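Close look at the chain arrangement
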Amino acid sequence: MSQHQKHLSSYLKSRRSVASNSGPSKERKNVVEAKPSKKSTGKVLTLLKTKAVDLRRLPDELLLKIFRYLSPSELLVCAQVCHQWTIITKESLLWKPLLFKLPKQVRDSLTFEETKGEGFDWKSEIIKRSINARNKEILGLRKKRKKSPYTGLPNEAPQSSKPYLLGDVRWKLCVTDTSGKEHWLPAGSSKLFASSLCIRWYSLQLPPLARLKVLQVFAFLPVFYHRNWTPNENSACARSLVLQEDLRNSRGAMMSLGTAISEGGLITAHVISPSILAACWSASWKDGGELAFITVCLHHHNLTEKILFGSHDRFASPSGSLKNPSARDSPGFFFVFYLSTFAFKGGNFIHCQRDTLPQFSPPRAFNLCGPHWPLVCPCSLVNAQKLGQDICFLDVTVLHEGKLPFWCMSVPVRVFSNKSHDGDFSSEGEKLFIEYSDEHGIIRIDLLKIENEGQTFVTNVELRLLKSFVNFWFHTSY
């Protein structure tokens, strides 16, 4: 190393040591520790405000380019922002390219002549035809499904074919209080049975019962689907009112400790309507009562029509009474064949059939006596909430001679102990019975519970139909 290089190296080392010991230089320190003055801060903030992007000031052409990247559901959300966006989201330039992403049935519903017509509204037509094609596809697939020989209803079990109605629908509970405020709650769980759908809402955070006014159950079904009939992610949904019950009457809250059908320590059970079972915390009754959970059971009969054709404020109109040819031609008959199915939630099915009925004497009671039917304990759904083993949901489906349902229900019922002495000493065990009645008729089911075998048997089923209901349905005059 030359003498010049040695001198340069020693000089650089000395400068490094000085810099490390003395810290940053004055110039550097001034840069690091410099703080903007209040005057400069105001200028920066003013500049930021003037340079900030205000979406409301964007030109329509630029908004159109941005909106072209959105899905149909996202466009509907943007349409609710302001009046300007509402007008822009109606542009055909946004909706026409989306048509090719929709199912074939939607695309085929639009003809060339229609789309070229003056005043053709692409937005409203795509929404309307998406709903119509969805409904038609669901009903068509439902007709192709094999019907149960016992219930006369299509099989609603999960299918590989799309769209799958009960798999795509989302259930929500709306409880309106006395001030008019709506409390929306998504379903906590649901379970599909052969003839009904059971939906539950738990961990409810609602006002006391004295402040609750109306309970409503809504079904939310997607509007937009992909080409393979799978619903779009976060698709816009059509809302249908399925159930509505008043929680108050002229005397106040309809539920009270005195209206409980069962008490199980922590909670009390209440029947709000033939399809709704509610539970209240026992400890809350001193403060007026508070809901713990709600269970809704919906029979499959007409459920598809209620979901597809209902609206946010009205129920879908079910099919009315049916004129029975045999009843019309022969006034002495009302129906010569019937098939009834009784199902306990969590249990086996009981299929009861009688082929021949007396002529010129419309029967009022059908006693279906025979061998004992084994039955799994009918309390598996409610027992988890410690209500005791005296409540279950009973599904009933009665078919007329055309093998079509005409009396269907899914209702919460209580299992009572039968203390009467009927003279039957052939079986040892605890005798129980279930009884239910409405404007259509009366059902009584006798049970035999054998504790040491861990089984419950059905020993007798009695079905009574009211003449007024028979006359209404079959247009007869008994």
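Residues numbered from 1 in each chain as written. Predicted model: local features only at pLDDT ≥ 70, side-chain atom pairs only at ≥ 80, totals over all residues. Heavy atoms only, no water.

On to the side chain of His270, then. Locating His270 in the fold gives a position in strand S10 (residues 267-273). Within the structure, His270 has its side chain in polar contact with the side chain of Thr259 (distance 3.2 Å). Those residues in contact with His270, other than ones at most four positions away along the chain, are Met255, Ser256, Thr259, Ala260, Ile276, Leu277, Ala278, Cys280 and Trp285. (Helix = DSSP H or I, 4+ residues; strand = E, 2+ residues; numbered from the N terminus. Polar contact = N/O pair within 3.5 Å; in protein donor to acceptor, adjacent residues only side chain to side chain. Contact = heavy atoms within 4.5 Å.)

Time to look at the pattern of salt bridges. Applying the stated criterion across every chain, the model contains seven salt bridges. Where Lys104 meets Asp108, a salt bridge forms, and the shortest distance between an N and an O atom there is 2.5 Å. Here the residue Lys104 and the residue Asp108 both occupy positions in helix H8 (residues 104-108), the gap between them amounting to four residues, near one helical turn. Overall, Asp108 belongs to the partly exposed group, its relative accessible area being 49%. With a closest N to O distance of 3.1 Å, Asp446 and Arg444 form a salt bridge. Salt bridges sharing common partners tie together Glu114, Glu125, Lys128 and Arg129. (Salt bridge = Lys/Arg side-chain N within 4 Å of Asp/Glu carboxyl O. Buried < 20%, exposed > 50% of the residue type's maximum accessible area, 1.4 Å probe, protein only.)

By size, the foremost hydrophobic cluster in this structure holds 61 residues, and its most contacted members are Trp95, Trp171, Trp201, Leu291, Ile294 and Ile307. Of the residues forming this core, the biggest block, five residues, is contributed by strand S5 (residues 212-222). Residues in contact with Ile307, not counting those within four places in the same chain, are Leu165, Leu166, Val169, Trp171, Ala219, Leu221 and Ser240. With 24 residues, the next largest nonpolar core counts Cys392, Met409, Val411 and Leu447 among its residues. (Core = buried A, V, L, I, M, F, W, Y, C linked by side-chain atoms within 4.5 Å.)

On to helix H10 (residues 122-144). With 23 residues, H10 ought to run about 33 Å at 1.5 Å a step, and its terminal C-alpha atoms sit 32 Å apart, in line with that. In this structure Asp121 caps H10, since a side-chain oxygen of it lies 3.2 Å from the backbone nitrogen of Lys123. (Expected span 1.5 Å × (residues − 1).)

Here the focus is the sheet that holds strand S2 (residues 182-186). Reading across the sheet, the four strands line up as S2-S1-S5-S6 and stay open at both edges, with antiparallel pairing between neighbours. Two strands close off the open sheet at either side, each with one partner strand: S2 and strand S6 (237-246). Taking the axes of each pair of neighbouring strands and ignoring which way they run, one obtains an average angle of 25° across the sheet. The sheet contact formed by strand S1 (residues 170-177) and S5 spans eight bridges and is antiparallel. (Pairing = 2+ DSSP bridges. Axes fitted to C-alpha atoms, helices over the stretch in contact; angles between N-to-C directions.)

Backbone geometry places Ser203, a non-glycine residue, at a positive phi of 55°. Tracing the backbone shows Ser203 in the loop between strand S4 (196-202) and S5. Residue Ser203 is classed as exposed on the basis of its relative accessible area, which comes to 62%.

The strand order across the open sheet built from six strands is S3-S4-S12-S11-S10-S9, with neighbouring strands paired in antiparallel fashion. The open sheet has two free edges, formed respectively by strand S3 (189-192) and strand S9 (262-263), since each of these has just one partner strand. Looking at chain direction, strand S11 (residues 276-281) and strand S12 (residues 291-299) are connected through five bridges and run antiparallel. Bridge pairing in S12 places Leu277 opposite Thr295.

This paragraph deals with the pairing of strand S17 (residues 405-414). With nine of its 10 residues buried, S17 lies for the most part within the structure. Two strands pair when backbone bridges link them, and strand S16 (residues 391-399) and S17 are joined in this way by nine bridges, in the antiparallel orientation. Pairing of Val396 across the sheet is with Met409, part of S17. The hairpin formed by S16 and S17 contains five residues between the paired strands, and Lys403 there has a positive phi angle of roughly 60°.

The next subject is the confidence of the model for the chain. Looking at the chain, pLDDT values average 75 and 71% of them are 70 or higher. Segment residues 24-48 is flagged for pLDDT under 50; beyond a separation of four residues in sequence, or across chains, it makes three contacts in the model. Contacts from residues 346-388, a stretch scored under 50 in pLDDT, to residues over four places away or in other chains number 117 contacts. (pLDDT = per-residue confidence, 0-100.)

The next subject is the environment of Phe416. Structurally, Phe416 is set in strand S18 (residues 416-417). Contact partners of Phe416, with chain neighbours within four places excluded, come to Lys431, Leu432 and Phe433.

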